Amino acid sequence: MINRRIDAILFDFDGTLADTSFDMVNCLNILLKKHNKQEADFNSARKYISKGAAGLIDFSCPHLPKDLRDDFIFEYLQIYKDNMFIKTCLFDGIEEIIDTLVQKNYKWGIVTNKPGYLAIPIIEMLNFKYKPNCVVAGDTLNVKKPSPEPLLYASNEISCDPIFCAYIGDDIRDIMAANSANMFSVAAAYGFIDDPSKIKEWGSDYTINSPLDLKNL
């Protein structure tokens, strides 16, 4: 199914490894309630989580002036910092996949646009049986996905040539970054996606509907 060797698998975080949807939408609604705005529908807001705090604010409060939008994003992140691990959990099948990777001597890591002061504590609280070989957060470098640089940085951290890495994510920016880095790109169709019908337009090498589908690779 793959015409090249894969020695390492790198994962996006929100919507790929971890289901952070309850906590992220809950914090959005805390913010909206504070500003006397209509609370967001969970299922609708969930689709924008992979676009980060800015995506959630743009979804729930479109057409905000730039200064107010920036204030809302900053305030949202402060709220999230205090409420980021209430119901967050790994997607079903992730632990089994990581067990399989480690047993087969694959390296694995995380590359996320989430800032490190949020991502790293959550990763620690998830208490992985096998710790990731690298974690590259949104502020590790001065660029984020869709730039390929965070993925290239991760491949260097784990001493694996990018051509032998696969990257899995639930946003077009993930696939763009992976393709630009010359990695095998995998779209996580189970993630936080606004319009699943557009996944085929992302240009990924492969698509999975469940983490366990990775076993087919």
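Placed above this text is the structure.
Residues numbered from 1 in each chain as written. Predicted model: local features only at pLDDT ≥ 70, side-chain atom pairs only at ≥ 80, totals over all residues. Heavy atoms only, no water.

(A) Summary view of the nonpolar core. Residues Phe11, Leu17 and Tyr76 are the most contacted members of the largest nonpolar core, which totals 50 residues. Among all residues touching Leu17, those that are not within four sequence positions of it are Phe11, Asp12, Leu90, Phe91, Ile94, Ile98, Trp108, Ile110 and Phe128. (Core = buried A, V, L, I, M, F, W, Y, C linked by side-chain atoms within 4.5 Å. Buried < 20%, exposed > 50% of the residue type's maximum accessible area, 1.4 Å probe, protein only. Contact = heavy atoms within 4.5 Å.)

(B) Looking closely at unusual backbone geometry. Of note, the amide linkage connecting Lys145 to Pro146 takes the cis form, showing an omega dihedral of 20°. Tracing the backbone shows Pro146 in the loop between β5 (134–136) and α7 (149–157). Unlike most non-glycine residues, Asn36 shows phi in positive territory, near 60°. Tracing the chain through its elements places Asn36 in the loop between α1 (21–34) and α2 (42–46). Even without glycine at this site, Ser159 takes up a positive phi of about 55°. Along the polypeptide, Ser159 turns up in the loop between α7 and β6 (165–169). (Helix = DSSP H or I, 4+ residues; strand = E, 2+ residues; numbered from the N terminus.)

(C) Structural context of the side chain of Ser155. Relative to the helices and strands, Ser155 resides in helix α7. A relative accessible area of 3% places Ser155 in the buried class. At a separation of 2.8 Å, a polar atom in the side chain of Ser155 contacts the main-chain carbonyl oxygen of Leu152. In this structure Ser155 touches Cys160, Pro162, Cys165 and Met183, once residues within four positions along its chain are discounted. (Polar contact = N/O pair within 3.5 Å; in protein donor to acceptor, adjacent residues only side chain to side chain.)

(D) Summary view of the packing of α1 against helix α3 (residues 52–60). Contact geometry of α1 with α3 gives a least axis separation of 11 Å together with a crossing angle of 50°. Judged by the angle between their axes, α1 and α3 are oblique. As for how α1 packs across α3, the hand of that crossing is right-handed. Residues Met24, Leu28, Leu31 and Leu32 of α1 form the contact with α3, whose participating residues are Leu56, Ile57 and Ser60. For the contact of α1 with α3, the class distribution of residues is six nonpolar, one polar and no charged. (Axes fitted to C-alpha atoms, helices over the stretch in contact; angles between N-to-C directions. Parallel < 35°, antiparallel > 145°, perpendicular 65-115°, else oblique. Left-handed = near helix turned anticlockwise from the far one by under 90°. Nonpolar A, V, L, I, M, F, W, Y, C, P; charged D, E, K, R; others polar.)

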